[in-house]
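A structural walkthrough
Chain by chain, the residues:
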Amino acid sequence: MRQPIKLLPILFFPLLLVHQPASAQDGEKIFKQNCGACHMIGRRLVGPDLTGITDKRSKEWIHSFVKSSQTMVKSGDPDAVAIFKEYNEIMMPDQPLSAGDVDQVLDYINSFGAKGATASLDTAAATPIIAFTDADRETGQALFTGRSRFTNKGAACISCHNVTNDQVMMGGSFAKDLTGVYGRMGQAGVAGILGAPPFPAMATAYANTPLTEQEVHSLTAFLEHANAVSADQAVRSHYRPFVIYGGGGLIALLAFIGFHWRGRIKRTVKEDIYDRQLRSN
């Protein structure tokens, strides 16, 4: 009868492991997957440096901002509006994180302490600028337009994004126009988002088909070039192709119907029988 009692510690040990509080390691994983494309600890990237964030904002405010920064900006929250304006009005996407996930990320950030603030806040000074070649730009353009396939067979950027450039056909309007994205985010920001997309639709699209480091480099080179020459490019309307091709297609369809309508049967099969009946009466 005592044997089961001796086994109790062994049986409950796995349960104790499951219910242990989440560690900073868990927060690091969540941070890299959801935040690392735009934020760093110790310097600015696309978004603010997160060193000591819990000393600057309350946990309740941070939870609300992570859940939906757009809602807070629209509601007129002064801190949210100030951050939005300071960072070129780049809207932080709503994050599908639970309260526990956010707390784990905050534990991870706080584990750095004050040492995270020792790095330069100047992204340009902290990150070496990579020189792009013409070959990089050409490869990036081919990848963007779909002329060259991504290694992992992901969708071409142009299917959702447009870049105003005379060398590139008009792209989709499903997502944001990327003509000036390099000017707003810089090299580190563009490469970070391409390498680890923080936006839900983009993250889902490339979840199983991630870009390689070389593809990120080439696309960044193309977007840098597109931003640099954007002032000299002709701006095109997204509605004009619909008017031209849609209107032309409608006219062609009506002409096709009209042509075949001329050869229609104009008399019914039984019309002769009907006429004979009338004459016999």
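This structure is a prediction, so every number in the text was calculated from the model and none was measured.

So, the packing of helix H10 (residues 181–195) against helix H12 (residues 213–228)
Each pair of packed helices can be described by the angle between their axes along with the distance between the axes. Remark: H10 packs on H12, axes separated minimally by 10 Å, with the N-to-C direction vectors making an angle of 170 degrees. In terms of their interaxial angle, H10 and H12 are classed as roughly antiparallel. Both H10 and H12 take part in a crossing whose hand is right-handed. Residue-level contacts link Val181, Tyr182, Gly183, Gln187, Val190, Ala191, Leu194 and Gly195 of H10 to Val216, Leu219, Thr220, Leu223, Glu224 and Asn227 of H12. Its residues assigned to classes, the contact of H10 with H12 comprises 8 nonpolar, 5 polar and 1 charged.

Quick word on the pattern of salt bridges
Scanning the model with the defined rule gives 4 salt bridges in all. Note that Arg137 and Glu224 form a salt bridge whose closest N and O atoms lie 3.6 Å from each other. Here Glu224 lies in helix H12 and Arg137 lies in helix H9 (residues 134–145), a separation of 87 residues in the sequence.

Section: the packing of helix H4 (residues 59–67) against helix H7 (residues 99–110)
Running from N to C, H4 and H7 point in directions that differ by 115 degrees, and their axes come no closer than 10 Å. The way H4 lies across H7 gives a crossing that is right-handed. Mapping the contact onto sequence places Lys59, Ile62, His63 and Val66 in H4 and Ala99, Val102, Asp103 and Leu106 in H7.

Here we look at the environment of Glu224
As for Glu224 and Thr179, which are separated by 45 residues in sequence, their C-alpha atoms are 9.0 Å apart. Among all residues touching Glu224, those that are not within four sequence positions of it are Phe132, Arg137 and Tyr182.

Describing unusual backbone geometry
Although it is not a glycine, Lys153 adopts a positive phi angle of roughly 65 degrees. Relative to the elements of secondary structure, Lys153 occurs in the loop between H9 and H10. Its relative accessible area of 54% is what places Lys153 among the exposed residues.

A look at the confidence of the model for the protein
For the protein, the average pLDDT comes to 81, and 81% of its residues sit at 70 or higher. Within the model, the stretch residues 1–22 combines pLDDT values under 50 with 1 contact to residues more than four positions away or in other chains. Counted against residues more than four places away or in other chains, residues 117–126, with its pLDDT under 50, gives 15 contacts.

Some details on a nonpolar patch on the surface
A cluster of nonpolar side chains, contributed by Leu250, Leu253, Leu254, Phe256 and Ile257, occupies part of the molecular surface with about 510 Å² of accessible area. Take Leu250: it is sitting in helix H13 (residues 240–261). Looking at Leu250, the relative accessible area reads 49%, which means it is partly exposed.

A short note on the nonpolar core
Ranked by size, the top nonpolar core spans 29 residues in total, and within it Phe144, Leu219 and Leu223 carry the most contacts. Looking at this core, the elements with two or more residues in it are H9, H10 and H12. Among the elements that make up this core, the one with the highest residue count is H10 (7 residues). What Leu223 contacts, discounting residues up to four positions off in sequence, is Phe144, Val163, Leu178, Val181, Tyr182 and Val190. Listed in part, the 23 residues of the second largest apolar core include Cys35, Val81, Val105 and Tyr108.

Comments concerning H9
Between its terminal C-alpha atoms H9 stretches 17 Å, which fits the 16 Å expected from 12 residues at 1.5 Å a residue. For H9, the full list of buried residues reads Asp136, Gly140, Gln141, Ala142, Leu143 and Phe144. Positioned one or two residues after H9, Gly146 has a phi angle of 90 degrees, which is positive.

What about the packing of aromatic side chains?
Under the defined criterion, the tally for this structure stands at 5 aromatic pairs. For the ring pair Trp61 and Phe65, a centre distance of 4.9 Å and an interplane angle of 10 degrees mean the geometry is stacked. With a gap of 4 residues between them, Trp61 and Phe65 both fall in helix H4, about one helical turn apart. In terms of burial, Trp61 and Phe65 fall into one category: buried. Every member of this aromatic cluster is reached through a ring pair, and the members are Phe31, Tyr108 and Phe112. Directly above the aromatic system of Trp61 lies the positively charged group of Arg57, at a separation of 5.2 Å from the ring centroid.

What counts, and at which threshold
Residues numbered from 1 in each chain as written. Predicted model: local features only at pLDDT ≥ 70, side-chain atom pairs only at ≥ 80, totals over all residues. Heavy atoms only, no water. Axes fitted to C-alpha atoms, helices over the stretch in contact; angles between N-to-C directions. Helix = DSSP H or I, 4+ residues; strand = E, 2+ residues; numbered from the N terminus. Parallel < 35°, antiparallel > 145°, perpendicular 65-115°, else oblique. Left-handed = near helix turned anticlockwise from the far one by under 90°. Contact = heavy atoms within 4.5 Å. Nonpolar A, V, L, I, M, F, W, Y, C, P; charged D, E, K, R; others polar. Salt bridge = Lys/Arg side-chain N within 4 Å of Asp/Glu carboxyl O. Buried < 20%, exposed > 50% of the residue type's maximum accessible area, 1.4 Å probe, protein only. pLDDT = per-residue confidence, 0-100. Patch = residues over 30% accessible without salt bridge, like charges linked within 9 Å, V, L, I, M, F, W, Y side chains within 5 Å. Areas by Shrake-Rupley, 256 points an atom, 1.4 Å probe, with all protein chains shown as cover. Core = buried A, V, L, I, M, F, W, Y, C linked by side-chain atoms within 4.5 Å. Expected span 1.5 Å × (residues − 1). Phe/Tyr/Trp six-rings, centres within 6.5 Å; stacked < 30°, edge-to-face > 60°. Lys NZ or Arg CZ within 6 Å of the ring centre and 35° of its normal.

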